[in-house]
Structure formats: C-alpha cells, structure tokens
Amino acid sequence: MTESSTRTQTTIARRRIAVKGIVQGVGFRPTVYRLAQAHGLAGWVLNDSTGVKIEIEGDVRAIERFIEDLRSNPPPLAQVTGLAVQDIPPQGEVEFVIKPSADVERRTGLISPDVATCSDCLREMFNRRDRRHRYPFINCTNCGPRYTIIRTIPYDRPKTTMARFQMCSKCSREYHDPANRRFHAQPNACAECGPSLTLLNANGSPARTKDPVGEAVLLLHSGKIVAVKGIGGFHLAADAANEGAVRRLRERKRREEKPFAIMSKNLDRVREYAVVSDEEEELLSSWQRPIVLLRKNEKHAVAPSVAPRSKFFGVMLPYSPLHHLLLAEDFLALVMTSGNPSDEPLTADNAEAVERLQGLADAFLVHDREIYVRTDDSVARVQRGARLLMRRARGYVPAPIALRDGGPIVLGVGAELRNTVCIARGAEAFLSQHIGDVKNFHTLRYLEKTVEHMKKILEAEPEAIAHDLHPDYFSTRYAQERAGVKLIGIQHHHAHIASCLAEHQRDEDVIGLAFDGLGYGTDGKVWGGEFLVADTANFRRVGHFKYVRMPGGDAAVEKPPRMALSLLLDAFDGDLKAARIPMLDQFKEADLKLLAQILEGGINTPETSSLGRLFDSVSAMLGVCDRASYEGQPAIELEGVADEACTESYDYVISPNESASQVDMAQAIRRIVRDIRDGVGRAVIAARFHNTIVNLSLDMCLRIREKYGLGTVAFSGGVFQNLLLAERLGGELTRSGFEVLQHYHAPPNDGGLALGQAVIARTRI
Ligand code: ZN
Ligand code: ZN
Ligand code: FE
C-alpha cells in the first residue's frame, strides 16, 4: 500500500446516504446541493421511491460535517425519520449534481401535505417590481400545494396536475438553478406560463373583466356570495361583517345554525373579535393553517349569523396567495365555508362546482390548476394546553403518525360519521383526510377513491381490513365486498381507545374513557358511555352508564326531547306528573302517551349507554337546544351556557358489578327537574351536570385503579371535544396521580377511529 503513504492532508472517502421521511417536495435536494457546495464535496442526490438518496465524495472530515449539517439543519418542512450512511469506494468525481428521480419498484417516499404560502413568496407577491406581483399561484420549495395536486409518486412535476403547464424560460431557469429558492419547486409558475384565474357569472358564463380578484372583491363588498376555488376544494365566501350576506348564505346552503368558519388577513384583525392565547396563536400561524376555535370577544363586529348560539368562532389565517389577495382588501373577515351542499363531499372541479353550487353562489372565482385530491380545511382547538384536532385534513394529511412497532399492511375503514380511513404500513399509520358522513353513495364513492389513491401513493396492498361491528354501515359493507382480504371487526369504543394509545406509541393496559354519541356494542346494544380496560389488542368493559331506551332509534338523536323523555320516565318510574318540566309542553298529550307506550313496549327503542345522548337530553330539558341541526349541537350548546365559576354537582349511583359497574344518573335527573322547578338558572344547572360527569368519571377511575392497578387514563370519543369536561376531568385525574393521555394527531371523534381499528387488527393478526 504505497499509495496511502502519499496521502498527507486529506483522506478521500465516499458515502451513500439514504434519507427517509417527508423529504420529497420540501426542498431537500436543493439543501443537499447547497451543503455539498459549501463543504466542497462531489457526488449526486436524487429522489427515489424510498425517499432521498445521496452519494457524497471528498475529504472525510468535510463529509462528516456535511452529514452533521444535514442532520441538524434539514429544510423547514422536512420530517426526517431515518438517515442511513454506508461507506463505499470513491469514484474520483469532482462535481456535485442533482440527478433525475429514479422510478423504481417500491415507492416508500412520503408526500408532503399542502403548505401555506411562505413569507418570502408573500413579500414578492406584494412587491410592485417583482415579476410575480399579485400572481395568485406564487410558490416555492418551502410552500404551495402538494398532496392535493399529486397524482402519483415520486413527486415530480409530470406526476402532478401542474404537468400541463410548460414553464417559461424565466421559471425554468429558477427551477434548474440550485442557488434559487425555487430550485425544483414542482408547482413553480408565473403569470406568463402558469395557472390563471377566471371569474364566472352565477350561470357559469365567463364574466367580462380583466381583474377577476378586483371584481370578486367588489362583489363581496356588495354582499354577494362568491365561490372561490382554493387548494383542496371550493369555499363559499361572503363578507363576515355583513349580516344580510351571511344570512343569505345560510338560507341558500340550508345550514341553519352550524357555525361558519371565517378567515382574516392577520392576527391583529382576529384579535378584534376573538381572544387568542399564545398556544392558539401558534396553531393559527402554523404552516398547516387549521381552522382554530377561539373564544369570542364580548364586543365584536362580526355578523351574528356567523356563529349563532356559540361562544366560539372558527378562525383561520390565509393559506393560499389568492386568500391573501382577497383579504388585503379591507375585510374584517370573510366567511369561508366549504363549498358543498350539506352532507356531501367538497366540490373540487370547475364544471362540477358550477353545477352543484348553482343557486348558492353569485359568482365563481376559478382557476385552471386541477385539484386532484379534494381536502377540507382542518379544524382544531387548544385543550389542556395542547392541540386537539377535531377534523384532520389539509396541512396534516398525508403526514404519517409514527407507531410503536411495524407489522402487516392493514386498512381501517372507520365507522359512519366524520369518517376517515387509515392504512398502517411499517411503523407508520396514514390517516386519510376527512371524508365526511358515509351515509350516502356520494360519500361512499369518495371513501373508495380515497382508499385507492392511498394504496397507490403508499404502494400498499392491505392484507386485512378492519371495520366497525355495525352490520349496516356503508363502511362495513364496503369491507365485506372486498374479496380475498381478511376481515376483522373491531368494537367501536375499543377502536377509540386504541387510537389514542397508538398515537402515544403505547400498547399496555390503560383505563379507557370512551365517551361519544353512538357505537355498536358487543351485546348488540348502543354503547357510548364506556369505561374500558384496554390495550391495542383486547378490551374489557368494566363500567358503563346505565342503559336507557332511545325512542324511535335515530329519531331520538335529531330530537333530543324524546331522549330526555325516556330519561325522565326512567328517573321517575313512569310518573310523568312528577317529572313535569316546561320541556314536556312541546309534546301533545296524545304524543306523550304514545311515546310512553312505545318506551314501555320496547318497539324500535334500542337501549343505549351513550353519554352524548345524556348531554343532549339535559340540553333539551333546560330548553337550550331541542333540535340537533348538526351532529353534537345540543351538547355543544349545553357546554356553551354552563357557568364556569360553578363548582357544585349532583349525586349519582355506581352499582359495582363483577362484569361491569353501572353508573345510574336517575338521582341527578331528579335533582335537575327540581332545580328547573325551583327556578335555578340553566347556566348553573348545566355546570352542575358537567361537574357531575367529572366527579363520577374520577370516582370510576379510582375504583378501576384500585382493582386493576392501572394509573393511566386515555380520553377518546367525541364527547372529549368538550373543553369544560376535558379540562376539569383532566385536572382532577392529574391531581389524583393519574397520567392522562389525550389525542394530538388523530381526532377524538370518529375521525380518529380508523387508526385504532388498523392498530388493533395488526396486533390480532
Ligand atoms: Zn414560498
Ligand atoms: Zn413562468
Ligand atoms: Fe364514536
């Protein structure tokens, strides 16, 4: 080895580096290129289907510094989950290049979610002298659409809906210049070569205007409703300070009371009508830009019809260049509600929008960049100091949720309401965007399409499908129609708790509080107020709320006074006279008798232990809400009226039982009736009811800890979107020495169920 002795200063080495995670479409290759330049190294970088591959050659110490820099300073949007380094023989290369993507067999590279417009791009867009001044599709390697425009992987322009736009020479130069911040920004475009806006009249004919944004702003200022094509679908926009406009939107959309989301230009504007904590500010300004629930200011200038009967506004900051352009024009806020008839998936296609939103919008602000994957806005709130997602979609999907262990590829298809699907692959779970209530063929087709797309981009063929136990759900039937795949039925509330465990990478037994609306139980009854001892394989139901009958089944969900009647009859042993409260006046005497008979006879009156229904009933008894015009409305409004200063509560009875203890609320119901008759305010009664649920839950947890020696409690189910309950119960449990797990990555409602299903199914296989 005479050669080595001639090496004095430098030792030349070559390393092969494989980077995994969200590393495509986030400016990873340009970063690698710049780092290689900075350290005087040669080699190449490319995207392949497993992530990013690098070969780097040069002085061994420079290589080490390069790897160090890459580890500590990846591009802001990258999420590196693995970085493997291998020593290989040097090849004498002197240059560093970015190679074209390799289209190989297994495509395990991850796609980035859509990213809100970055500050560099905004600066350019509002700069008169910039060539992209006011260009509504400006983007760079750090921002812009991703998931919604990608047809397949690897992420390269020809595989996106940008394929049809040929870059002009200026854009092309940026795209190919490693020093440029648009180097390999796949959706790169300008007014000369990229997508453009068009304004359409109500009937879909092109409007005669050279300034579609300016014209749309004028329409909005005059109280008109404009359908705006965004990143993941259409919004219906209206001036949020104009009561007439907002009310018109409600009438046209046939959405009576569910609050509308609003969007403001910046945080200063938001503070004019809502309270923003530090955590909320961070969530609002995060690049995911979810809708965040914020407490209303006492005085504000937002139209009353935006969020009637609610303490909260759903607020988001602009996330596309077009939003920034619209909001620059002096609106306090714009209503930005999803452009779809209620209960149907989001509209994403121009022609489809004109057809489906006919009569809803006065004009359409559209563009010619196709939305390949429709994705709703995400919805979040801050609870117990942490983010709680209530709808997980744009900005979060398709980022993986890291699991504790690897395992077979499994698909979870969710249940029915607020559905999502989930593919578990390796040690990661991919929860889909919000699909909606899978109660009709529109949404079922959307579910099918979502599954197919996820299978394609993940190159994952599930060997098992996990579904809900309810035999009549569309999602269950969807699973049963797939031939040749193992089917695994998972109990609804077990899936809720497993979902919470999975995202915390836990798999040991915990106390699971599964509080929600409705879920099919293993005894064929309707569960929803469940105390479980569960891990990610099995569960044991150790307690539940006492069964009460649901007169007319689902009808009792829409009409909470019916459910309340059932509880009253139960609490007063069928004596309606003793149970007399004003709520009963809304029934005709004959109807009351009939309902009482139905309840007695047990025809079409399934038994339920649902805590959600209990909240609904109390809401109806207090006259807070007697019709659910959207899911959870009575409970949300009950929370809204509760006096937060009140710490009193009612009594309850827990009957211990070897198989499952029962929580009986009859005493509390009788006390509520007495309070109503005594003229106690509903704010106090609502608070006492909340506090009762807190107390009995704590009581149950203490008993379960005593018996099973478990000190961790997992919160799941839609009821845990209730801030008052979650904060108080969380506080009490912590003070009693429990560890409390609440959802962070997945929603606590049925939108997180598919994750739990997939994880349980894997454990069982
Ligand atoms: Zn940017
Ligand atoms: Zn261009
Ligand atoms: Fe549920």
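Residues numbered from 1 in each chain as written. Chains lettered and ligands numbered in written order. Predicted model: local features only at pLDDT ≥ 70, side-chain atom pairs only at ≥ 80, totals over all residues. Heavy atoms only, no water.

### Brief notes about the pattern of salt bridges
A side chain with one charge can pair with a side chain of the opposite charge if their charged atoms come near.
(1) Moving on: Applying the stated rule across the entire model yields 47 salt bridges.
(2) Moving on: Close ionic contact of arginine 247 with glutamate 243 constitutes a salt bridge, the shortest N to O distance being 2.8 Å. With a gap of four residues between them, arginine 247 and glutamate 243 both fall in helix 7 (residues 243–253), about one helical turn apart.
(3) Moving on: Notably, a salt bridge pairs glutamate 461 with lysine 455, separated by 3.5 Å at the nearest N-O pair.
(4) Moving on: The class for glutamate 461 is exposed, based on a relative accessible area of 56%.
(5) Moving on: Take lysine 455: its relative accessible area is 18%, and that puts it in the buried class. (Salt bridge = Lys/Arg side-chain N within 4 Å of Asp/Glu carboxyl O. Helix = DSSP H or I, 4+ residues; strand = E, 2+ residues; numbered from the N terminus. Buried < 20%, exposed > 50% of the residue type's maximum accessible area, 1.4 Å probe, protein only.)

### Some thoughts on the environment of leucine 334
(1) Moving on: Considering the arrangement of structural elements, one finds leucine 334 in strand 12 (residues 334–338).
(2) Moving on: Those residues within four positions of leucine 334 in sequence are excluded, and the remaining contacts are Leu220, Ala238, Asp239, Ala240, Ala261, Ile262, Met263, Leu326 and Leu327. (Contact = heavy atoms within 4.5 Å.)

### Quick word on the coordination of the zinc ion (ligand 2)
(1) Moving on: Taken together, the protein ligands of the zinc ion (ligand 2) are Cys168 (SG), Cys171 (SG), Cys190 (SG) and Cys193 (SG), with distances of 2.2 to 2.4 Å.
(2) Moving on: Here the zinc ion (ligand 2) is ringed by four donor atoms whose angles at the metal span 104 to 116 degrees, and the overall shape comes out tetrahedral.
(3) Moving on: Donor residues binding the zinc ion (ligand 2) come from one chain and are separated in sequence as C-x2-C-x18-C-x2-C. Residues cysteine 190 and cysteine 193 agree in their burial class; the two are buried. (Donors = N, O, S within 2.8 Å, 3.2 Å for Na, K, Ca; no water. Tetrahedral: all angles 85-135°; square planar, octahedral: opposite > 155°, others 65-115°.)

### Concerning the sheet that holds strand 20 (residues 464–468)
(1) Moving on: On the basis of which strands lie adjacent, the open sheet formed by six strands has the order 16-19-18-17-20-21 and mixed pairing. Lying at the two open borders of the sheet, with one neighbouring strand each, are strand 16 (401–402) and strand 21 (486–490).
(2) Moving on: The sheet contact formed by strand 20 and strand 21 spans five bridges and is parallel. Counterpart to alanine 466 in the pairing with strand 21 is isoleucine 488. (Pairing = 2+ DSSP bridges.)

### Digging into helix 14 (residues 492–503)
Owing to its 3.6 residues per turn, the α-helix aligns residues three or four sequence positions apart on the same side.
(1) Moving on: When the terminal C-alpha atoms of helix 14 are compared, their 17 Å separation across twelve residues agrees well with the 16 Å that a helix rising 1.5 Å per residue should span.
(2) Moving on: For helix 14, a buried count of twelve out of twelve residues is recorded, marking the element as mostly surrounded by other parts of the structure.
(3) Moving on: Here helix 14 has its buried residues at His492, His493, His494, Ala495, His496, Ile497, Ala498, Ser499, Cys500, Leu501, Ala502 and Glu503.
(4) Moving on: Glutamine 505, located one to two residues past helix 14, shows a positive phi value of around 55 degrees. (Expected span 1.5 Å × (residues − 1).)

### Examining the coordination of the iron ion (ligand 3)
(1) Moving on: Protein coordination at the iron ion (ligand 3): the donors are His492 (NE2), His496 (NE2), Asp516 (OD) and Asp750 (OD), at 2.0 to 2.2 Å from the metal.
(2) Moving on: What the four donor atoms of the iron ion (ligand 3) show is an angle range of 85 to 166 degrees at the metal, which sorts the shape as irregular.
(3) Moving on: Mapping the donors of the iron ion (ligand 3) onto the primary sequence yields the spacing H-x3-H-x19-D-x233-D. Highlighted residues: histidine 492 and histidine 496, both in helix 14, separated by four residues, approximately one helical turn.
(4) Moving on: Look at histidine 492 and you get buried, because its relative accessible area is 0%.

### Digging into the nonpolar core
(1) Moving on: Within the largest apolar cluster, 100 residues are counted, with the highest numbers of intra-cluster contacts made by Phe28, Ile54, Ile56, Phe66, Leu326 and Leu365.
(2) Moving on: Among the elements that line this core, the one with the most residues is helix 12 (residues 441–458), at seven residues.
(3) Moving on: Not counting the four nearest positions on each side in its chain, isoleucine 56 is found in contact with Ala13, Arg14, Arg15, Ile17, Ala36, Leu41, Ala42, Ile63, Phe66 and Phe96.
(4) Moving on: Formed by 73 residues, the second largest nonpolar core is a distinct cluster that contains Tyr650, Val663, Ile669 and Cys701. (Core = buried A, V, L, I, M, F, W, Y, C linked by side-chain atoms within 4.5 Å.)

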